[in-house]
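# Breakdown of the fold
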Amino acid sequence: MKTETYPEEANLTTGQILRQAREKHELSQQTVADRLCLKLSTVRDIEEDNIPSNISPTFLRGYIRAYAKLVQVPESEILSTLDKQIPSKAIKTAPMQSFSAGKKRKKRDGWLMKITWVVIVVLLGMTFLWWWQNYKVQQTELSSMATQSNAQDNQVTGSENDRLAPSAGENNVAPLKENQAEATAQSDVSQAKTSPTEANDTAGNSKAPEPPGAPVSTEANQPATNVTPENAAASANTEAANSTVVSPSSTDVNSISTANNDELVIDFSGECWLAVKDAKGKMLFSGIKKKGDSLKLSGNLPYSVNIGAPAKVKVQFRGKPVDLSSFVKKGVTAKLTLK
């Protein structure tokens, strides 16, 4: 059977030929789409001669061949019409990427990686700088705390010296007063000696000369004999004064020895924080000491001692070492009460 081609049909497009064949077989666009497993929009684009941008030409030719077979249109006729029609249509194809474009992208990625590494290095440098500044600040704070603790130690020792100085001055003033009293007593005694002799001289001068055979009066010699008890009293006073002078010094020695007996000595073999209070709540020391430092503290018993690192401290109380091994084994701070 031969198909006759009319002049009108020669000017028909691929979509028009397929639409007329579909209408001749009384098929709808939805029926064609269901039988070909295509979208309704794809069937509509084929009949309207619209080339979808999302469909490649190869797939489009396959859809048209299946459509022509369904509506019984000769494949050679429809393909010849399609070949004439496709060159006149502007088919958009994606440009191929050249090797140079890949090199450019690789070069751009290399620059991005370099910039990323530079940013990472800068961030690491800033982090290290921040840590170093904090470390220096901590060291400065530790040194300032150590300076303050040394100043407190100097203040404590200065106050103790000031407290001991007036007592020593009073002890020195008492012997001076007693010596002044002795000097006045001795001057009174000397005046008493001179006054009877002067009286005797004036009396001898006023009396008439006695005959050579007259007895000599012994009343003029009596004042000399009366001086002896006064001298004895003066010597007794000096002995008593000397004994009183000696007694304050002995009491001072006793007080100093008792103070030394209550002394707390702490030696440091490493950096350690320490706080010491006496019975009155007075802070004898609070701060940080370094390796090689030593503290000597005294106050009112009992002492309340808080040691941050017991392994780095040696404590002596009343000349005897204090055992800190239990705190060292546990690895905790030492809190002691020394009585």
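Moving on, we get to the overall build of the protein. Along the protein, the regular secondary structure elements total 9 helices and 8 strands. Expressed as a percentage of its 339 residues, the buried residues of the protein come to 22%. Restricting to contacts in the protein with at least 6 residues of sequence separation, those with at least 24 account for 61%.

Attention shifts here to the sheet that holds strand β8 (residues 334-338). With antiparallel pairing, the 4 strands of this open sheet are ordered in space as β3-β2-β5-β8. The sheet is open, and its two edges are formed by β3 (283-289) and β8, each paired on a single side. Here the strands of the sheet are splayed against their neighbours by 10 degrees on average, with no regard to which way each runs. Note: strand β2 (residues 272-277) against β3, 6 bridges, orientation antiparallel. Note that in β3 the partner of alanine 275 across the bridge is serine 286.

A few words on the pattern of salt bridges. Under the definition given, this model contains 5 salt bridges. Of the charged contacts, one joins aspartate 83 and arginine 61 as a salt bridge, the two residues approaching to 2.8 Å between their closest N and O atoms. Within this pair, whereas aspartate 83 is found in helix α6 (residues 75-85), its partner arginine 61 is found in helix α5 (residues 57-70), the two being separated by 22 residues in sequence. One salt bridge connects arginine 318 with aspartate 262, and the closest N-O pair in it is separated by 3.4 Å. One end of the pair, arginine 318, is in the loop between β6 (313-317) and β7 (320-321); the other, aspartate 262, is in the loop between α8 (222-261) and β1 (264-268), and 56 residues separate them in sequence.

Time to look at the nonpolar core. Membership of the largest hydrophobic core comes to 22 residues, with the highest contact counts inside it found for Leu18, Ile64, Tyr67, Val73 and Ile78. Breaking this core down by element, the ones donating at least two residues are α2 (14-24), α3 (29-36), α4 (40-47), α5 and α6. It is α5 that contributes the most residues to this core, 4 residues altogether. Residues in contact with isoleucine 78, not counting those within four places in the same chain, are Thr14, Ile17, Leu18, Ile64, Ala68 and Val73. Counting 21 residues, the second largest nonpolar core, distinct from the first, contains Val276, Val305, Phe327 and Leu336.

This part covers the packing of α3 against α4. Across the interface, α3 lies against α4 with an axial gap of 9 Å and an inter-helix angle of 115 degrees. On the basis of their axis angle, the class for α3 and α4 is roughly perpendicular. Judged by the sense of rotation from one axis to the other, the crossing of α3 with α4 is right-handed. Each of Gln29, Gln30, Val32 and Ala33 in α3 lies in contact with α4, whose residues at this interface are Leu40, Val43, Arg44 and Glu47.

Glancing now at the pairing of strand β5 (residues 303-307). Here β5 shows one buried face, formed by Tyr303, Val305 and Ile307, and one open face, formed by Ser304 and Asn306. Two elements, β2 and β5, share 4 bridges in a ladder whose sense is antiparallel. Each bridged residue has a counterpart across the sheet, and for valine 276 the counterpart in β5 is valine 305. Note that β5 and β8 share 5 bridges and pair antiparallel. Residue pairing in the sheet places valine 305 in a bridge with leucine 336 of β8.

What follows covers the packing of aromatic side chains. By the definition in use, this model includes 5 aromatic pairs. Members of the aromatic cluster, joined through ring pairs, are Phe128, Trp131, Trp132 and Tyr135.

Here we take up the side chain of aspartate 153. Here aspartate 153 lies in helix α7 (residues 99-206). What makes aspartate 153 buried here is its relative accessible area of 11%.

Now for unusual backbone geometry. With an omega of 0 degrees, the peptide bond running from leucine 301 to proline 302 counts as cis. Notably, aspartate 49 is not glycine yet its phi reads approximately 60 degrees, a positive angle. Of note in the backbone geometry, arginine 318 takes a positive phi value of approximately 60 degrees without being a glycine.

Our focus in this paragraph is the sheet that holds β6. Ordered by their spatial adjacency, 4 strands build an open sheet running β4-β1-β6-β7, and the pairing between neighbours is antiparallel. Strands at the two margins of the open sheet, each flanked by one partner only, are β4 (294-297) and β7. Alignment of β1 against β6, held across 5 bridges, turns out to be antiparallel. Bridge assignment links phenylalanine 268 to a residue of β6, and that residue is valine 313.

Before going further, it helps to spend a moment on a nonpolar patch on the surface. Taken together, the side chains of Ile115, Val118, Val119, Val122, Leu123 and Met126 make up a nonpolar region of the molecular surface, amounting to roughly 560 Å² of accessible area. With respect to the helices and strands, methionine 126 occurs in helix α7. The class for methionine 126 is exposed, based on a relative accessible area of 54%.

Our next topic: the environment of lysine 289. Note on placement: lysine 289 falls in strand β3. Given a relative accessible area of 5%, lysine 289 falls into the buried group. When near neighbours in sequence (up to four residues on either side) are disregarded, lysine 289 contacts Ser149, Asn150, Asp153, Phe268, Gly270, Glu271, Cys272 and Leu295.

Thresholds applied
Residues numbered from 1 in each chain as written. Predicted model: local features only at pLDDT ≥ 70, side-chain atom pairs only at ≥ 80, totals over all residues. Heavy atoms only, no water. Helix = DSSP H or I, 4+ residues; strand = E, 2+ residues; numbered from the N terminus. Buried < 20%, exposed > 50% of the residue type's maximum accessible area, 1.4 Å probe, protein only. Contact = heavy atoms within 4.5 Å. Pairing = 2+ DSSP bridges. Axes fitted to C-alpha atoms, helices over the stretch in contact; angles between N-to-C directions. Salt bridge = Lys/Arg side-chain N within 4 Å of Asp/Glu carboxyl O. Core = buried A, V, L, I, M, F, W, Y, C linked by side-chain atoms within 4.5 Å. Parallel < 35°, antiparallel > 145°, perpendicular 65-115°, else oblique. Left-handed = near helix turned anticlockwise from the far one by under 90°. Phe/Tyr/Trp six-rings, centres within 6.5 Å; stacked < 30°, edge-to-face > 60°. Patch = residues over 30% accessible without salt bridge, like charges linked within 9 Å, V, L, I, M, F, W, Y side chains within 5 Å. Areas by Shrake-Rupley, 256 points an atom, 1.4 Å probe, with all protein chains shown as cover.

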